[in-house]
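What follows is each chain in one-letter form.
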Amino acid sequence: MKAVFQDTYGPPSVLRVEETPRPVPGPGEVLVRVHAAGVDQGVWHVMAGMPYLLRALGFGLRAPRNRVRGTDLAGRVEAVGPGVTRFAPGDAVYGSGVGTYAEYARAKEAHLAPKPDRLGFEEAAAVPVSACTALQALRDSGQLRAGQHVLVIGASGGVGTYAVQLAKALGAAHVTGVCGTAKAGFVRSLGADEVVDHTHEDPADGTRRYDLVLDIAGNRPLSRLRRVLTPRGTLVIVGGEHGGRWTGGIGRQLRGLLLSGFVRHRIRTLVGTQPAADLARLGALLDAGAVIPAVDRVYAALADAPEAVRRLRGGDVRGKLVIRV
Ligand SMILES: NC(=O)c1ccc[n+]([C@@H]2O[C@H](COP(=O)([O-])OP(=O)(O)OC[C@H]3O[C@@H](n4cnc5c(N)ncnc54)[C@H](OP(=O)(O)O)[C@@H]3O)[C@@H](O)[C@H]2O)c1
């Protein structure tokens, strides 16, 4: 099969398409014939080996331990490993797998769900990592309750486009999205009640208060973010690029968790996962049309992976990029 490989950490040019044997599904695993795979910032982090802390955390010191990139997938089950009970060859599935920029990829049964009927494979591939992160940030870390006011910083990106829609679907009374000038109309079209253009206005100037703030982009200091919380409001630090070569945004997340023990605000962070139950929950919302994947562009082939990652890092993507396999 063909797959997108890398032998060393580096820029998108380290990615190349090569022939390799098909993976064999182990116990509890499914082999998926990949039809489409999503692109997210995590792909860049593992490709680049940045921040360096990630290498020490088990991704591989000199090169990624797993040489094939890609996590999101949508496709059809080709074969199942021992002990798999929920899927059979031919089933249309979506979720996360290992090395999904490939014609076939292994995925844990526990990280797959039936593909939502309403979505094609390409739209479905834009969902797993970003939408599960948004759902877990709002529901679990954020403990969103109906009627609350929510601020989503980074509303135009992969996680943010789902966060805006999911916040409304989960009952938020008012959702404010923060994005750049060119994407304001786009974020409004996702259902945001209000948009703050961070190039003209400081979303953390303290003039408005929110029960829940999802901080997905911009790396604003904790003190500024806390200024816009209601007295018992919750701040969820999801991520933020350009946080430094060694630890990235992780230092800010750790400081937030420490501080949380001493202040009335709840400060939380998360490591998003793609459990079958969340994929199924999202599937129901997607099938009902309550959430719609915002796909900026579908790239035509695996060979386009370097260009897709380059474009994502360029910062002008609205929602998600997808690679057709
Ligand atoms: N904790 C987890 O488990 C988890 C999971 C997934 C992702 N993440 C992290 O979350 C972050 C976002 O991921 P993503 O996939 O959504 O990235 P993305 O698709 O690149 O979106 C980021 C968005 O942030 C906006 N932005 C840039 N600078 C900003 C600023 N100063 N203020 C407000 N918004 C700004 C950009 O849009 P504009 O042009 O409109 O500003 C962009 O659309 C990344 O750091 C990623 O690593 C964490």
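If you're wondering where the values come from, they're calculated on a predicted model, not measured in any experiment.

A. Summary view of the pairing of strand β13 (residues 266-269). Bridge count between strand β12 (residues 229-237) and β13: 4 bridges; the pairing is parallel. Counted as the bridge partner of I237 is T269 from β13. A crossover connection joins β12 to the parallel β13 through helix α8 (residues 250-260); in handedness this β-α-β unit is right-handed.

B. Just the site of the ligand, in detail. Close contacts around the ligand come from 26 residues, with Q41, G180, H198, E241 and G272 the closest. For the ligand, an oxygen atom lies 2.9 Å from a polar atom in the backbone of G240. Considering the ligand on its own, with 920 Å² of exposed area, one finds that the protein chains cover 80% of that surface. Elements with a minimum of two residues in the shell around the ligand: α1 (41-48), α5 (158-169) and β9 (174-179). Within the shell around the ligand, the residues separate by chemical class into 9 nonpolar, 14 polar and 3 charged. Among the domains, domain 1 (2-127 + 293-324) and domain 2 (130-269) are the pair contributing at least three residues each to the shell around the ligand.

C. Fine view of the packing of helix α4 (residues 128-141) against helix α9 (residues 276-287). It is the contact of α4 with α9, at a shortest axis distance of 10 Å, that shows an interaxial angle of 95°. Taken together, the axis directions place α4 and α9 in an arrangement best described as roughly perpendicular. Of the residues in α9, those touching α4 at P128, A131, C132, L135, Q136 and R139 are D278, L279, R281 and L282. By residue class, the composition of the contact of α4 with α9 is 6 nonpolar, 1 polar and 3 charged.

D. Just the packing of aromatic side chains, in detail. Counted according to the given criterion, the structure contains 1 aromatic pair. Here R33 stacks its cationic end above the ring of Y104, 5.3 Å away from the centre of that ring. For the cation-ring pair, K115 lies above F121, with the distance from its terminal atom to the ring centre recorded as 5.1 Å.

E. Up close: the sheet that holds β12. Read from one edge of the open sheet, 6 strands run β10-β9-β8-β11-β12-β13, paired in parallel fashion. Looking at strand neighbours, the two that pair on one side only are β10 (194-197) and β13, the edges of this open sheet. Neighbouring strand axes in the sheet, compared pairwise and without regard to direction, differ in orientation by 15° on average. The sheet contact formed by strand β8 (residues 149-153) and β9 spans 5 bridges and is parallel. Bridging across to β9, I153 finds its partner in V178.

F. Local environment of α9. Across its 12 residues, α9 extends 16 Å between first and last C-alpha, which sits within 8% of the 16 Å expected from 1.5 Å per residue. Every buried residue of α9 is listed here: A276, D278, L279, L282, G283, L285 and L286. The elements touched by buried residues of α9 are β5 (92-96), β7 (112-114), α4 and α5. One or two residues past the end of α9 sits G289, with phi positive at roughly 80°.

G. Geometry of the nonpolar core. Ranked by size, the top nonpolar core spans 48 residues in total, and within it Y94, L166, L214 and L282 carry the most contacts. The set of elements that each furnish at least two residues to this core consists of α3 (121-125), α4, β8, α5, β9, α6 (184-189), β11 (210-215) and α9. Discounting chain neighbours no more than four positions away, the residues touching L166 are A131, A134, L135, L138, L282, L285 and V291. Counting residues in each nonpolar core, the second largest holds 31 residues, with V4, A37, L73 and I323 among its members.

H. Geometry of the domain arrangement of the protein. What the domain assignment lists for the protein is domain 1 (2-127 + 293-324) and domain 2 (130-269). The centre of domain 1, based on its C-alpha atoms, is set 26 Å off from the matching centre of domain 2. Contacts between the two partners involve 18 residues from domain 1 and, on the opposite side, 20 residues from domain 2. Of the roughly 1500 Å² buried between domain 1 and domain 2 on both sides combined, carbon and sulfur atoms contribute 53%.

I. Layout of the pairing of strand β4 (residues 72-80). Bridge count for strand β3 (residues 29-39) against β4 is 6 bridges, and the pairing is antiparallel. Within β4, the residue paired with V34 across the bridge is G75. Looking at chain direction, β4 and β5 are connected through 5 bridges and run antiparallel. Bridge assignment links A74 to a residue of β5, and that residue is Y94.

About the cut-offs
- Residues numbered from 1 in each chain as written.
- Predicted model: local features only at pLDDT ≥ 70, side-chain atom pairs only at ≥ 80, totals over all residues.
- Heavy atoms only, no water.
- Pairing = 2+ DSSP bridges.
- Helix = DSSP H or I, 4+ residues; strand = E, 2+ residues; numbered from the N terminus.
- Right-handed = clockwise from strand over helix to strand, strands pointing away.
- Near = heavy atom within 4 Å.
- Polar contact = N/O pair within 3.5 Å; in protein donor to acceptor, adjacent residues only side chain to side chain.
- Areas by Shrake-Rupley, 256 points an atom, 1.4 Å probe, with all protein chains shown as cover.
- Nonpolar A, V, L, I, M, F, W, Y, C, P; charged D, E, K, R; others polar.
- Domains from an automatic or database assignment.
- Axes fitted to C-alpha atoms, helices over the stretch in contact; angles between N-to-C directions.
- Parallel < 35°, antiparallel > 145°, perpendicular 65-115°, else oblique.
- Contact = heavy atoms within 4.5 Å.
- Phe/Tyr/Trp six-rings, centres within 6.5 Å; stacked < 30°, edge-to-face > 60°.
- Lys NZ or Arg CZ within 6 Å of the ring centre and 35° of its normal.
- Expected span 1.5 Å × (residues − 1).
- Buried < 20%, exposed > 50% of the residue type's maximum accessible area, 1.4 Å probe, protein only.
- Core = buried A, V, L, I, M, F, W, Y, C linked by side-chain atoms within 4.5 Å.
- Buried area = accessible area lost by both parts, 1.4 Å probe.

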